[in-house]
Amino acid sequence: MSTQAGSYYLPTPSHWPIIGSVGLFTTLFGFASALPGTPDGPVGNLGVMYVGLAIIAFMLFGWFGQVIGESESGKYNAQVDTSFRMGMVWFIFSEVMFFAAFFGALFYARQLSVPWLGGAGNNAMTNSLLWKGYAGTWPTNGPGAVGGKFEHMAAFGIPLWNTIILLTSGLTVTWAHWGLKKENRGQLIMGLFLTVALGGLFVSLQAYEYMHAYHEMGLKLTSGIYGTTFFMLTGFHGLHVTIGAIMLLVMLIRSTKGHFTAKNHFAFEAAAWYWHFVDVVWLGLFIFVYWLV
Amino acid sequence: MSEHHDKPTGIKRWLFTTNHKDIGTLYLWFAFTMFLIGGAMAMVIRAELLKPGMQVVDPLFFNTMTTMHGLIMVFGAVMPAMVGFANWLVPMMIGAPDMALPRMNNWSFWILPFAATMLVSTLFMEGGGPAFGWTFYAPLSTTFAPKSTDFFIFAVHLLGFSSIMGAINIIATILNMRAPGMTLMKMPLFVWTWLITAFLLIAVMPVLAGAVTMMLTDRNFGTSFFNAAGGGDPVLFQHVFWFFGHPEVYIMILPAFGIVSQIIPTFARKQLFGYASMVYATAAIAFLSFIVWAHHMFTVGMPVAGELYFTYATVMIAVPTAVKVFNWTATMWKGSMTFETPMLWAVAFVFLFTIGGFTGLMLGVAPADFQYHDTYFVVAHFHYVLVTGAVFAIIAGVYYWLPKWTGHMYDEKLGKLHFWLSAISVNVLFFPQHFLGLAGMPRRIPDYAIQFSEFNFMSSIGGFAFGLSQLLFLYIVIKCIRGGEKATAQVWDNPEGLEWTIPSPAPYHTFETAPEVK
């Protein structure tokens with residue numbers, strides 16, 4: 001493939017990974033210890049989990065800091081750059097598959113399990129013996145009406161605005177990239193700032209939507225399969241928007257410090273790819289979670 | 001080969017290492033440790049099943065043992081062993097100085113001991129460890145599971161995280177780090193099988209993460225994924241799980257195919273027959289692995305169209321798999337064969353794995369599966385493909401490359417003894433289980449009807465013998481590390497591959513200047 005294997009940067013031994021492992025273990029052990037293990041129990045003390053999260057944050061600062069330092073001092077050649085790119089692409093692919101599991105659950109419920117509970121296919125007896133009178137139509141909280149009465153979320157209110165916001169942010173991040181490529185630092189910083197701000201606006205509107213759902217619509221995580229799929233899909237997406245916005249915020253800070261050149265800015269592109277990925281996931285959500293109800 | 005990278009000594013060397021050979025060694029020792037722990041659990045199972053009636057453990061603990069044995073062997077032993085091989089061999093086989101992302105490589109490994117600790121710690125928690133089988137079907141794993149299940153869930157998250165990072169590293173290494181002239185279709189077959197395996201890992205480990213996350217929220221936060229009253233479905237769990245689970249079994253067997261495809265040509269002294277068809281067959285198996293998952297759930301009550309589709313799709317896997325078996329056989333055909341220890345294991349692999357493949361075909365046919373489902377026939381089937389398949393290939397690979405890793409030849413006499421003890425005992429262990437299953441003995445039970453006594457007795461005796469034989473393996477490996485006849489660079493009689501062009505033991509850093517591949 002490449003002819004410069006001799007100059008491929010091989011890092012010296014590093015203490016960051018083991019710190020990361022300790023952080024992950026502490027976080028998850030603390031979280032598992034605090035969990036009730038039943039749907040209605042209270043969550044216990046999360047102190048240990050926060051310690052673990054602090055260790056992870058410390059590791060991220062240290063590890064990324066070291067990589068940024070190595071990158072800025074020119075230790076990475078084009079082949080290293082390609083390794084990073086492949087790493088990011090395949091990482092995003094793994095995230096796609098994670099969302100696929102939850103979309104799969106949604107499609108399975110909507111197309112198969114809910115109609116079956118309503119007697120579709122060869123399930124007439126299931127319906128008449130176990131769930132008599134249940135129609136099996138979407139949106140539903142199931143034949144047991146789990147979580148009580150609720151209203152479903154309409155597509156053409158906040159969700160439509162959020163679609164416009166995210167699509168716009170996809171444009172602003174591309175505009176920032178154009179700025180970087182033609183050495184226009186101001187455009188880069190302004191584009192990134194707008195993108196992060198739009199990301200923040202998106203998350204705020206979603207938080208408002210959640211509060212509205214809980215307080216005025218009776219729609220909760222516990223509202224049967226509709227509430228489950230609605231909050232788990234939009235919630236994981238919101239988490240990913242937050243992560244993406246943090247990544248872009250780091251790029252914004254690095255841009256103000258003079259990092260990146262017109263030719264060499266993999267980290268920026270990685271964050272931008274990630275942003276486009278959460279954008280595309282949102283379009284799937286808008287269509288299948290909000291719109292086609 | 002210059003030693004210009006500093007290399008700490010003692011425990012720090014292993015904790016902080018970014019060297020693919022060190023990390024490969026860590027993976028292999030971790031896998032072997034877990035193999036012995038999981039094996040000890042299998043001994044508990046076989047001890048209880050030695051005679052009908054309850055004698056050694058109580059039923060809940062028996063179920064905990066079957067569950068943990070499966071989880072530990074799959075996630076702790078076989079998968080890490082294969083990644084250990086990939087770490088040691090992929091860079092050397094493609095002429096790369098190291099893995100593409102060495103620090104992340106360290107992290108992929110060092111998550112594993114923490115994940116294993118979390119998993120094994122459940123045994124000591126109130127209510128006991130997971131006892132719902134390694135497939136952790138809802139609602140056994142949600143509504144009716146002990147508190148320790150939440151720790152089990154996070155252990156699976158950690159294992160998946162480690163696997164995904166490891167797989168990303170392997171793909172980046174293979175696609176980006178090959179020496180000049182090492183085109184894709186010149187890569188050793190082991191590298192090809194790992195490239196495809198890594199793709200499978202990245203595609204399905206996140207789905208497993210999704211499955212356990214759904215369990216987590218159903219258990220703790222009142223979601224209804226697997227709750228029919230809320231409009232969900234326990235069967236959904238099985239779909240999500242097996243969408244991961246079926247590719248997962250190929251994740252464990254494809255690198256084994258790769259190892260065997262390296263060994264057989266060496267000792268047959270012929271080139272691998274049908275190299276290109278091996279590559280395409282591997283890719284075909286990987287593709288099919290995504291579209292056959294529900295053959296694990298024929299008895300769950302699927303529509304007839306589903307039963308038919310999953311039957312036809314499943315039996316199609318026999319085609320590319322048969323291509324491989326015929327190619328290995330054709331490689332040996334009229335070769336100048338010798339039977340050193342690695343070759344013995346490899347030939348046994350071809351023969352015994354094929355038995356597991358045939359029983360897989362029987363199970364893949366829905367109406368037949370209605371009879372065999374959840375019996376010992378299934379247990380026999382997947383132990384033939386995983387023990388005499390994956391594990392035999394791992395052991396074959398260890399004997400094959402051990403001289404390259406340690407610089408010493410292993411004790412050939414003891415190696416052959418290890419082989420014959422294992423090959424005979426493993427068949428005494430698993431072959432009778434076919435008959436038990438066909439006669440109707442269910443799996444995952446601590447007691448059984450009296451007519452199953454003889455075959456269970458045979459199976460247990462074989463089990464103890466097979467388990468003890470692996471201690472001999474430990475002894476042989478340690479003996480080889482500590483000394484023995486000096487190995488040459490080539491080790492074997494003119495084997496193919498870049499790893500045989502460098503000295504034995506392989507220097508700490510290899511191919512810092514890329515070799516030229518013609």
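Computed from a prediction, not measured in an experiment: that's the story for all the values here.

A tally of helices and strands in chain B yields 15 helices and zero strands. At 22 Å, chain B has a C-alpha radius of gyration in line with the 24 Å of a compact globule built from 518 residues. Counting only C-alpha atoms, chain B reaches 65 × 50 × 45 Å along its principal axes. The buried share among the 518 residues of chain B stands at 66%. Relative to all contacts within chain B whose residues are 6 or more apart in sequence, the contacts with residues 24 or more apart total 83%. When the accessible surface of chain B is summed, it comes to about 17200 Å², and 72% of that surface belongs to carbon and sulfur atoms.

With that out of the way, let us pick up unusual backbone geometry. Cis geometry marks the peptide bond from Ala138(B) to Pro139(B), where omega comes out at 0°. You can see Pro139(B) is positioned in the loop between α4 (102-121) and α5 (149-176). Residues Ser504(B) and Pro505(B) are joined by a peptide bond in cis, for which omega reads -5°. Structurally, Pro505(B) can be placed in the segment after α15 (453-482). Even without being a glycine, Ala145(A) presents a positive backbone phi close to 45°. Here Ala145(A) lies in the loop between α4 (124-130) and α5 (158-181). Assessed through its relative accessible area of 42%, Ala145(A) is described here as partly exposed. Even without being a glycine, Lys334(B) presents a positive backbone phi close to 60°.

Let's shift gears to the nonpolar core. Ranked by size, the top nonpolar core spans 274 residues in total, and within it Phe268(A), Phe85(B), Phe136(B), Trp328(B) and Phe349(B) carry the most contacts. Each of domain 1 (1-76) and domain 2 (77-291) of chain A accounts for three or more of the residues forming this core. Setting aside anything within four residues of it in sequence, one finds Phe136(B) in contact with Leu71(B), Ser141(B), Phe152(B), Leu208(B), Val212(B), Met215(B), Phe237(B) and Phe241(B).

Take the environment of Pro247(B) next. Residue and element names in this part refer to chain B. With respect to the helices and strands, Pro-247 occurs in helix α7 (residues 234-268). Linking Pro-247 and Gly-222, residues 25 residues apart in sequence, is a C-alpha distance of 30 Å. Setting aside residues up to four positions removed in sequence, Pro-247 forms contacts with Leu-200, Val-204, Trp-242, Ser-289 and Phe-290.

Glancing now at the pattern of salt bridges. For side chains bearing opposite charge, pairing can occur when the charged atoms are close. With the rule as written, the count across this model stands at 11 salt bridges over all chains. In this structure, Lys147(B) and Asp150(B) form a salt bridge, with 2.8 Å as the shortest nitrogen-oxygen distance. As a salt-bridge pair, Asp411(B) and Lys479(B) come within 2.6 Å of each other at their nearest N and O atoms. Of this pair, Asp411(B) sits in the loop between α13 (376-406) and α14 (412-438) while Lys479(B) sits in helix α15; the two residues are 68 residues apart in sequence, bridging distant segments of the chain. Taking relative accessible area as the criterion, Lys479(B) reaches 36% and is therefore assigned partly exposed. One network of salt bridges, in which partners are shared, links Asp81(A), Arg85(A) and Glu269(A).

On to helix α10 (residues 318-332) of chain B, then. Residues and elements named next belong to chain B. Taking 1.5 Å per residue, 15 residues should reach 21 Å; α10 reaches 21 Å between its end C-alpha atoms and fits that length. If you check which residues of α10 are buried, you get Pro-320, Thr-321, Lys-324, Val-325, Asn-327, Trp-328, Ala-330, Thr-331 and Met-332. Where α10 is buried, its residues touch α6 (189-220), α7, α8 (275-289), α9 (304-316) and α11 (341-364). The positive-phi residue at the C-terminal boundary of α10 is Lys-334, with phi of around 60°.

On to the packing of aromatic side chains. Applying the stated criterion across every chain yields a total of 90 aromatic pairs over all chains. Their ring planes at 85° and their centres at 5.5 Å tell us that Phe230(A) and Tyr290(A) sit as a pair that is edge-to-face. Here Tyr290(A) lies in helix α8 (residues 266-291) and Phe230(A) lies in helix α7 (residues 224-256), a separation of 60 residues in the sequence. Judged by centre distance (5.5 Å) and plane angle (70°), the rings of Phe243(B) and Trp293(B) are edge-to-face. With Phe243(B) in helix α7 and Trp293(B) in the loop between α8 and α9, this pair connects stretches of sequence that are 50 residues apart.

The rules behind these values
- Residues numbered from 1 in each chain as written.
- Chains lettered and ligands numbered in written order.
- Predicted model: local features only at pLDDT ≥ 70, side-chain atom pairs only at ≥ 80, totals over all residues.
- Heavy atoms only, no water.
- Helix = DSSP H or I, 4+ residues; strand = E, 2+ residues; numbered from the N terminus.
- Rg over C-alpha atoms; globule rule 2.2 N^0.38 Å.
- Buried < 20%, exposed > 50% of the residue type's maximum accessible area, 1.4 Å probe, protein only.
- Contact = heavy atoms within 4.5 Å.
- Areas by Shrake-Rupley, 256 points an atom, 1.4 Å probe, with all protein chains shown as cover.
- Core = buried A, V, L, I, M, F, W, Y, C linked by side-chain atoms within 4.5 Å.
- Domains from an automatic or database assignment.
- Salt bridge = Lys/Arg side-chain N within 4 Å of Asp/Glu carboxyl O.
- Expected span 1.5 Å × (residues − 1).
- Phe/Tyr/Trp six-rings, centres within 6.5 Å; stacked < 30°, edge-to-face > 60°.

Honestly, it's all geometry; don't read function into it.
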